[in-house]
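The chain contents come next:
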Amino acid sequence: MTEMNTPPVVSRREWLAAVDTLRDREKAHTREGDAIAAARRRLPMTEVDPSTPLVTGHGTVPLIDVFEGRTQLFASYHMWHDGRSAAGQCEGCTFFTGQVRELSYLHQRDVTFAAFCQGPYAESDRYRRFMGWEMPWYSVPAESYERLLADRHFGMKASYFRDGDHVYETYWTTGRGVEPMAASYGILDMTVHGRKEAWEDSPPGWPQPYETDGRQFRKDGRPTAQWARITAGHDDNLHNTPPGPATPSCCSRPVA
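Parameters at a glance
- Each chain has its residues counted from 1, following the order in which its sequence is written.
- A pLDDT threshold of at least 70 governs which residues receive local features in this predicted model, and a stricter bar of 80 or more applies before side-chain atom pairs are shown or counted, although totals over entire chains, interfaces and linings include all residues.
- With hydrogens and water excluded, all non-hydrogen atoms of the structure serve as input to the side-chain values.
- Only runs of H or I of at least four residues qualify as helices and only runs of E of at least two qualify as strands under DSSP, and these elements are numbered from the N terminus.
- Contact between two residues is taken to exist if any of their heavy atoms lie within 4.5 Å; hydrogens are not considered.
- Three labels apply to residues, based on accessible area from a 1.4 Å probe with only protein chains included: buried if under 20% of the type maximum, exposed if over 50%, partly exposed otherwise in between.
- The pairing criterion for strands is at least two bridges between them, as found by DSSP.

K.L.:
How do you make sense of the side chain of S76 when you look at a structure like this?
P.N.:
Residue placement: S76 occurs in strand β4 (residues 72–78). With sequence-adjacent residues up to four places away left out, S76 is seen in contact with T97, F113, A114, A115, F116, M156, K157 and M181.

K.L.:
Whenever I open this one, the pairing of β4 confuses me. Can you help?
P.N.:
The two faces of the sheet receive side chains in turn, since in a regular strand these alternate between them. A large share of β4 lies buried, amounting to five of its seven residues. Sheet topology places β4 next to strand β5 (residues 111–117); seven bridges connect them, and they run parallel. By the bridge assignment, L73 is partnered in β5 with T112.

K.L.:
Explain helix α5 (residues 121–131) here, please?
P.N.:
Because the α-helix completes a turn every 3.6 residues, residues three or four places apart line up on one side. By the criterion of burial, α5 is predominantly enclosed, with eight of the eleven residues buried. Of the residues making up α5, those classed as buried are Y121, E123, S124, D125, Y127, R128, F130 and M131.

K.L.:
I tried to follow the pairing of strand β7 (residues 157–163) on my own but got confused; where do I start?
P.N.:
With five of its seven residues buried, β7 lies for the most part within the structure. Looking at chain direction, β4 and β7 are connected through five bridges and run antiparallel. Bridge assignment links A75 to a residue of β7, and that residue is A158. Of the strand pairs in this sheet, β7 and strand β8 (residues 166–173) are connected by seven bridges, and their pairing is antiparallel. For D163, the partnering residue across the bridge sits in β8 and is H166. Counting the residues between successive antiparallel strands, the hairpin from β7 to β8 contains two residues, one of them, G164, with a positive phi of roughly 65°.

As structure tokens, this is what we get:
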């Protein structure tokens, strides 16, 4: 053991009893989550212009084409800092977007996943390729902001439904509501030290070096996930202008 405070050591029988007690609370939490999801499925929906333009590497396409023939679309709105280097891009959006890898399970359930980026297509797509992401990637031109965002902001996640030639928004969330995208958080929550974030209710002496102001997603001056790409030799140059300073996180959020 290190000098760091640790849980008390008990017999396996005592430990199993404590886990079983917690399991009742976990099951109640799961059932409440199921009930909330059931209520979400019963929400009304609002119509969105299916012709809303989005930019791809092959030109401009209407929103309805993003569904790729499926009836449902989950759009991850990715923030962007114009003119910044890769190191200065949004660490929070990088954290969440980078955890979406295998899309076949969504496709099997008639759902298309797509990233809607705030930045210009050519520059932001270079970022996508630098990060090794393979999901469909679209740039949202300024003319489409109000149609899609409706006074909200990038960083949100939204669900859409297609009924023939009509498109409807069925749900949206932001802040901690986007955490289901992050398998890393789910795994960390099952470990003894948790996320190591300062807001967590942990016993005295537990390590909590991370504040929820963006630093929890950064390491040595750039979004954490970028270091593996740099080590593997991938070029992070997004444009020919000198890199600017990092911008404070657009995805820092309150914990409530």
